[in-house]
Amino acid sequence: MSSQPTSLHAWLTSETPASRRQARWAAFYKGWLSLKSNHMAMAGLAIILALVLIAAFAPWIAPHDPFVQDLGNRLQPLGTEGHLLGTDSLGRDILSRLIHGARITLYIVALVALIAPVAGLLVGTISGYAGGVTDMVLMRITDIFLAFPRLVLALAFVAALGAGIENAVLAISLTAWPPYARMARAETLTIRSSDYISAIRLQGAGPLRIIIKHIWPLCISSLIVRVTLDMAGIILAAAGLGFLGLGAQPPSPEWGAMISEGRRFILDYWWVATMPGLAIFAVSLAFNLLGDGLRDVLDPKDSTS
Amino acid sequence: MQMQRNFVKRQPRLPLPHWVRGLIVSLFSISITMLGLLFVTFLIGRVMPIDPVLAVVGERASQEQYEAVFLELGLDKPLIVQFFYYVADVLRGDFGTSLLTARPVAEDIARVFPATFELATIGIFLGCVLGVPLGVMAAVRRGSWIDQIARVVALVGYSMPIFWLGLMGLLVFYGILGWVGGPGRQGIFYEDMIPSVTGMILLDSLIAGDWGAFWDAFSHIILPASLLGYYSLAYISRMTRSFMLEQLSAEYVTTARVKGMSEWAVIWTHAFRNIRVQLITVIALSYANLLEGSVLTEIIFSWPGIGSYITTALLSADMNAVLGGTVIVGLVFICLNVFSDLLYKVFDPRSK
């Protein structure tokens, strides 16, 4: 950083990065610029950022307490004084419940997005790097999990572990890791035989160092794309478990569970089930849009869709 | 071609014909996968917080009764031995008895499966009939309004919770417009009127020649089937589009155009012929997904299929039924995958 350029932009777009850090940041910046030109992806990003902010400041944004019941005020329609999105069957404000529900949704998505890809990365890179019997055994296990229908397997897991958010997260992660493992293995196989890996190996680097320092970083970008595109599926799966009564438990304002509550009055009080559904739709749409945009930036070879 | 044949002849002679070897290898790999599937369900059944003995004898059983059943179920044996008992039972088609219906689980599943099959089959039919042409058109007219529509259709399909869309469909088409039948497979008037032959009401009512019952069943199945059809349409049209784009940019397409072939012939007899193989895999995969994805749809529409069966069993802690259902769904899943691999070999001359 001795040759401090005049502006940040110049520093980031410099043709001759002076340090490793500058090169890294410049690569990020270039990706960001090309993502920024994709309007749909930016709309998705905006929705996700809004969701994060709403979740962070939920108690201050929400007009009412999401748990306080007001039985004299049940099933009020949209636009009622003080209840913009109406109230549910126990007189709780739907808008406030949606706002607090954003926390649960983000919590589930973040946990699954941490557990499943990391597990897949571990299994995939070990399998690809080790080869031989290890590879065969690990890939067989992966195939078995892939052979299972995801929702049914998640249902069975939740049945075994008991209903609740943490167990729903575990069940979804257990069904979500195999594709990541497959992907990481395929990448590892192509990286493993490249010259620079041989060079490091000759310098005396052990398998652990090679995997962590030299293989993982190269798997990350395709993993990120895949995770973002999977987020929508994770949200839908979590909402589905909540809807079936196997995810977050009743007083909690989880969106899927809210739809399940509203289902009983759907023909007379349509908004009770409609509003949480719209929230789920908006968020998973946002993740899909952002994922498509990220794929175009990070993984241009697949960008035909 | 001649060269290739010579090459094959020069290889050392195998003791078995090539396809027999292939069959043995794939049968072996299927059975390993099946065994793994059974092992996972077995483990799930073992870590359940529900005592399998209490589930049989009930809360008020004496200590002796409890121990007798404990030994009878083989729970004193090592886990691995128990697993082999379990596999042997499953191979004989014995999934135990359902606590809820007090009937063998296998019998229950045979009763509910046709309902799911009927629903998923109509769903995949709709998905193919609409999704494939949509995907082809979107690829041919890339960037046009039809491509945009295909994109939005797919995006919405990927992002919409299926159970919510089902509820909204019920609200609009049943509650407000009254165009379709409500939840369930039949109206009250026709319930149990049709003798069950195949278990699929549409077919059964045709066999019985009862048109009233047929239209009634049709009005009940059309909404959930369209819903499933929409979800497979989203996936199929997207995949068709990207396969077609790949073919249309190939040189043989340009050659065909230069030769003066009509656009119709270029698209359907050249490019489309070459994506059939990939499409079969995609369709088989989404068919398998429909058989499973119908879990939530079946709940919404009170459809008495395997999805509702598993979920109801789950909520009442009927573990034999849950595991039996899971194994069956997994089995169907694996079979469809194998089937699509086989079709692949039949249709793709390169794999011969």
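What comes next is a walk through the structure. Please read these numbers as outputs of a predicted model, since none were measured by experiment.

**Considering the side chain of B:Thr240**
Here comes step 1: For B:Thr240, the position within the fold is in helix H10 (residues 211-248).
Here comes step 2: With a relative accessible area of 0%, B:Thr240 lands in the buried category.

**Some details on the packing of aromatic side chains**
Residue and element names in this part refer to chain B.
Here comes step 1: By the definition in use, this model includes 20 aromatic pairs over all chains.
Here comes step 2: The interplanar angle of 35 degrees and the centroid separation of 5.7 Å between the aromatic rings of Phe42 and Tyr86 together place this pair among those described as tilted. Here Phe42 is found in helix H2 (residues 18-47), whereas its partner Tyr86 is found in helix H5 (residues 79-91), with 44 residues between them in sequence. Across the pair, exposure class does not vary: Phe42 and Tyr86 are buried alike.
Here comes step 3: When the centroid spacing of 6.4 Å and the interplanar angle of 20 degrees are considered together, the rings of Phe214 and Phe218 count as stacked. In this pair, Phe214 and Phe218 both sit in helix H10, 4 residues apart, roughly one turn of the helix.
Here comes step 4: Put simply, the rings of Phe39, Phe42, Phe83, Phe84 and Tyr86 touch in pairs and so form one group of aromatic residues.

**Thoughts on the nonpolar core**
Here comes step 1: Counting residues in hydrophobic clusters, the biggest one holds 165 residues, and the most contacted among them are A:Trp255 and B:Ile44.
Here comes step 2: At 15 residues, helix H12 (residues 263-300) of chain B tops the list of elements feeding residues into this core.
Here comes step 3: Residues B:Leu134, B:Ala138, B:Ile146 and B:Leu233 belong to the second largest nonpolar core, which totals 6 residues.

**What about the packing of helix H9 (residues 201-208) of chain B against H10(B)?**
Residues and elements named next belong to chain B.
Here comes step 1: Interaxial distance between H9 and H10 falls to 8 Å at its minimum, and their mutual angle equals 170 degrees. Between H9 and H10, the crossing angle belongs to the class labelled roughly antiparallel. On H10, the residues that touch Ile201, Leu202, Ser205 and Leu206 of H9 are Trp211, Ala213, Phe214, Ala217, Phe218 and Ile221.
Here comes step 2: Residue classes in the contact of H9 with H10 are distributed as 9 nonpolar, 1 polar and no charged.

**A short note on the packing of helix H6 (residues 105-140) of chain B against helix H13 (residues 306-315) of chain B**
All names here are of chain B.
Here comes step 1: Orientation of H6 relative to H13, taken along the N-to-C sense of each, is 135 degrees, at an axis distance of 7 Å. Compared by their axis directions, H6 and H13 come out oblique. For the pair H6 and H13, contact is made by Val105, Asp108, Ile109, Val112, Phe113 and Thr116 and by Ile306, Gly307 and Tyr309, respectively.
Here comes step 2: Here the contact of H6 with H13 is built from residues that sort into 6 nonpolar, 2 polar and 1 charged.

**Remarks on helix H5 (residues 94-130) of chain A**
Since there are 3.6 residues in each turn of an α-helix, residues three or four apart along the chain are aligned in direction.
Here comes step 1: Along its 37 residues, H5(A) runs 53 Å from first to last C-alpha, staying within 8% of the 54 Å computed at 1.5 Å per residue.
Here comes step 2: Just downstream of H5(A), A:Gly131 is the residue with a positive phi angle, here 65 degrees.

**Let's talk about helix H2 (residues 20-36) of chain A**
Residues and elements named next belong to chain A.
Here comes step 1: Across its 17 residues, H2 extends 24 Å between first and last C-alpha, which sits within 8% of the 24 Å expected from 1.5 Å per residue.
Here comes step 2: Within the sequence span of H2, burial applies to Gln22, Ala26, Tyr29, Gly31 and Leu35.
Here comes step 3: Taken together, the buried residues of H2 touch helix H1 (8-12), helix H3 (39-56) and helix H12 (271-298).

Calculation rules
- Residues numbered from 1 in each chain as written.
- Chains lettered and ligands numbered in written order.
- Predicted model: local features only at pLDDT ≥ 70, side-chain atom pairs only at ≥ 80, totals over all residues.
- Heavy atoms only, no water.
- Helix = DSSP H or I, 4+ residues; strand = E, 2+ residues; numbered from the N terminus.
- Buried < 20%, exposed > 50% of the residue type's maximum accessible area, 1.4 Å probe, protein only.
- Phe/Tyr/Trp six-rings, centres within 6.5 Å; stacked < 30°, edge-to-face > 60°.
- Core = buried A, V, L, I, M, F, W, Y, C linked by side-chain atoms within 4.5 Å.
- Axes fitted to C-alpha atoms, helices over the stretch in contact; angles between N-to-C directions.
- Parallel < 35°, antiparallel > 145°, perpendicular 65-115°, else oblique.
- Contact = heavy atoms within 4.5 Å.
- Nonpolar A, V, L, I, M, F, W, Y, C, P; charged D, E, K, R; others polar.
- Expected span 1.5 Å × (residues − 1).

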